[in-house]
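A structural walkthrough
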Amino acid sequence: PIGVFQSTKKLFLCEQRGRGRSQALEFLRRNAANGLSVANLVAGLSSILCSLNRQHHHSCWLLLVGFLLDLADGAVARRLDACSALGAKLDDFADFTTFGLATALLLQPQGVLSGVLALCYVLAVFARLCFFSSGIPFTYRGLPCPYASSLLAGTFLLSGGNVTLLRATAAVMILFMLDRGFYPHDKVLESQLWKKVVYAGGVAAVLFSPATVASIYCLAWSMSYIVFPFAIWSCKAKPLPKAY
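Residues numbered from 1 in each chain as written. Predicted model: local features only at pLDDT ≥ 70, side-chain atom pairs only at ≥ 80, totals over all residues. Heavy atoms only, no water.

Under the annotation held in an unreviewed UniProt entry, the chain carries the name cardiolipin synthase (CMP-forming) and is attributed to Strigops habroptila. On record in UniProt, under Sequence similarities (unreviewed entry), the comment for the chain is "Belongs to the CDP-alcohol phosphatidyltransferase class-I family." Under the Catalytic activity (unreviewed entry) heading, UniProt states for the chain: "a CDP-1,2-diacyl-sn-glycerol + a 1,2-diacyl-sn-glycero-3-phospho-(1'-sn-glycerol) = a cardiolipin + CMP + H(+)". (UniProt positions renumbered as here; feature names shortened; annotations may be inferred.)

In this section: the state of the cysteines. One pass over the structure, following the stated rule, counts zero disulfides. For the unlinked cysteine Cys50, the closest cysteine sulfur is that of Cys60, found at 9.9 Å. (Disulfide = S-S within 2.5 Å.)

For the structure on display, the rule yields one salt bridge. One salt bridge connects Arg78 with Glu190, and the closest N-O pair in it is separated by 2.7 Å. Of this pair, Arg78 sits in helix H2 (residues 56-79) while Glu190 sits in the loop between strand S2 (182-184) and helix H7 (193-208), and the two are 112 residues apart along the sequence. The class for Arg78 is buried, based on a relative accessible area of 8%. (Salt bridge = Lys/Arg side-chain N within 4 Å of Asp/Glu carboxyl O. Helix = DSSP H or I, 4+ residues; strand = E, 2+ residues; numbered from the N terminus. Buried < 20%, exposed > 50% of the residue type's maximum accessible area, 1.4 Å probe, protein only.)

The end-to-end C-alpha distance of helix H8 (residues 211-227) is 24 Å, a good match for the 24 Å that 17 residues give at a rise of 1.5 Å each. The complete set of buried residues in H8 reads Ala214, Ser215, Cys218, Leu219, Trp221, Ser222, Ser224, Tyr225 and Ile226. (Expected span 1.5 Å × (residues − 1).)

Moving on, we get to the nonpolar core. Counting 48 residues, the largest nonpolar core has Tyr121, Leu143, Tyr147, Met177 and Trp221 as the members making the most contacts within it. Of all the secondary-structure elements, those providing two or more residues to this core are H2, helix H3 (85-105), helix H4 (112-130), helix H5 (145-158), helix H6 (163-178), H7 and H8. Among the elements that make up this core, the one with the highest residue count is H2 (nine residues). If sequence neighbours within four positions are ignored, Tyr121 has contacts with Phe99, Gly100, Thr103, Ala104, Ala148, Ser149, Leu152, Ala170, Met173, Ile174 and Met177. (Core = buried A, V, L, I, M, F, W, Y, C linked by side-chain atoms within 4.5 Å. Contact = heavy atoms within 4.5 Å.)

This next bit is on unusual backbone geometry. Phi is positive for Arg54, close to 60°, though the residue is something other than glycine. Mapped onto the secondary structure, Arg54 falls in the loop between helix H1 (2-52) and H2. Positive phi is not limited to glycine here, since Gln108 has a value of about 50°. The class for Gln108 is buried, based on a relative accessible area of 16%.

Structure (structure tokens):
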């Protein structure tokens, strides 16, 4: 009887461990993309703190990290079939924080005009996030705000913090975001192999290269999307169900 009891106890414990492992894996599957969105949010909040402490180069680096995280979270959600209303809300909130508030602080608003420009930039990002739907599958209306943010961060790093140039670029980005033109949902990590290579190169440039290299790489990437959206970045991969 003792042997039977011990065998039953071991079997029960093994089942419990197996069930716990399955639940943990399911939790990770359902929340992997949400974790990337939260990481994007943390990058944006950290960028805001850096800007408030006049550490603008660090702020730019965090914006570029947020740019890479934003491109990854939707792809991970679709790949793991973990799209959810919570994930969409987290993604929008993280995007507004990182690509709206944090990016606007790069403009260093100190007077009335610069303050109005920063406010207009935040409102443009807000409008872009609220009214992005074009009614056409895999197509945006208006420039996606992550590319505008990446362009501004790269411009700041490459120009050595030239605020005049940055503000002029921000004014142009506002027009692009509020424009009624179409831009492709490029799905970098779900499309052609060369786009995945571009993304991998962006990760290497931002995380392991000097600021000059990272800024040039992200500037070229963003400019190619803004100037040649469909000629280069049109998504030809088979779409996965449900948008994140």
